[in-house]
Amino acid sequence: VCSSDLNKSYIIAGGLGGIGLEMVDWMIGRYARNIVLTSLSGVTTAYQECYIRLWRNKKAVVVVLKLDASIMENAAVIVQEAKRLGPVGGFFNLAFQRNFGSIGELTADGFQTMLNPKIGLSRNFDLLTRQSCPELDHFVVFSSIASGMGIDGSSSYGMANCAMESLCERRVADGLPGKAILWGPIGNVGQWQDFYNTEYNRQSFRGFGIQIGRAHV
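This is a predicted model, so every value here is computed, not measured. (Residues numbered from 1 in each chain as written. Predicted model: local features only at pLDDT ≥ 70, side-chain atom pairs only at ≥ 80, totals over all residues. Heavy atoms only, no water.)

For helix α3 (residues 72-85), spanning 14 residues, the distance from its first C-alpha to its last is 20 Å, which sits close to the expected 20 Å at 1.5 Å a residue. Those residues of α3 lying buried are N74, A75, I78, V79, E81, A82 and L85. Taken down its axis, α3 places every buried residue within 160 degrees of arc, on the same side. Among the exposed residues of α3, those pointing more than 90 degrees away from its buried face are E73 and R84. (Helix = DSSP H or I, 4+ residues; strand = E, 2+ residues; numbered from the N terminus. Expected span 1.5 Å × (residues − 1). Buried < 20%, exposed > 50% of the residue type's maximum accessible area, 1.4 Å probe, protein only. Arc of directions from axis to C-beta.)

Structure, rendered in C-alpha cells:
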C-alpha cells in the first residue's frame, strides 16, 4: 500500500476484530483510503466505533458490511461495493470462527463452522477477483502455525488454514498475487487472547517452544 494506490479499494474480511483493527489502522497510515470491512456481527463495541471515526477523520472512506462472505452472493455484493469506491487493489482474509474440540467432540457442522470463514470465504474471493479485479495487487490470508504442527483440539482449524494456504499456492502458480501468513499466538489482541488465557494452552504452546507475540504492526 503506497501513495500511488490512493484510488484503489481494499476488502478486509474479519476486519473488525482486534488484529483487523490494528492492520486497517496500519494501512490507512500508509495511504489506503477506500476500505470495505466485512463482519458477521458488525460494529458492536465503542472501541470499534472509535477506530472507524478516527479513520474517517483522516479522510478514509470506510464501509462496514454485515454479511457472510462464505456465501457467494454476499461475496459478490462486497466486491461490487469495493469497486464502487475504486479498483480493488487488495483482499485480506482475517475471518475466524472458534470451534475447537477433541476428535471425539467434532461434528460435521462444527467442521463447517470453522471451514466457512477460512476456505469458503477465500475461495469465493479467489473466483470473483480472477473474474473482475484485474488491478489486484494483494491477496492475503491470515493462517496459523496450527496448519503445520497442530495445536491441541484444533484439527478443523488446522485443516481450514491448510486449505487456504493451498489456495494461495495455486494462485501464485497461476501468476496471481497470493500470500498466506502463518501467525503464532498473539498475546494481547484478537481471538487467541481469550483462548490462550488458560493454563492448559499455555503449557501446550510452551511445549513447542513458542513465544507469545504482541500485536504491534
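Next comes the rest of the description.
Moving on, we get to the side chain of R171. Relative to the helices and strands, R171 is located in helix α6 (residues 155-173). Classification of R171 by relative accessible area gives buried; the value is 1%. In this structure R171 touches D126, T129, R130, L136, F139, L176, P177 and G178, once residues within four positions along its chain are discounted. (Contact = heavy atoms within 4.5 Å.)

Right, let's talk about the sheet that holds strand β6 (residues 179-183) for a bit. If you trace the six strands from one edge of the open sheet to the other, you get β3-β2-β1-β4-β5-β6, paired in parallel fashion. Every other strand in the sheet has two partners, leaving β3 (61-65) and β6 as the edge strands with one partner each. The sheet shows a mean angle of 15 degrees between the axes of neighbouring strands, taken without regard to direction. Across the sheet, α3 touches β1 (9-13), β2 (34-38), β3 and β4 (88-93), and the angle it forms with β2 is around 165 degrees. (Pairing = 2+ DSSP bridges. Axes fitted to C-alpha atoms, helices over the stretch in contact; angles between N-to-C directions.)

With that settled, the discussion passes to unusual backbone geometry. The phi angle at Y31 is positive, at roughly 85 degrees, despite the residue not being glycine. Along the polypeptide, Y31 turns up in the loop between α1 (18-28) and β2. Of note in the backbone geometry, K59 takes a positive phi value of approximately 75 degrees without being a glycine. By the element assignment, K59 lies in the loop between α2 (46-57) and β3.

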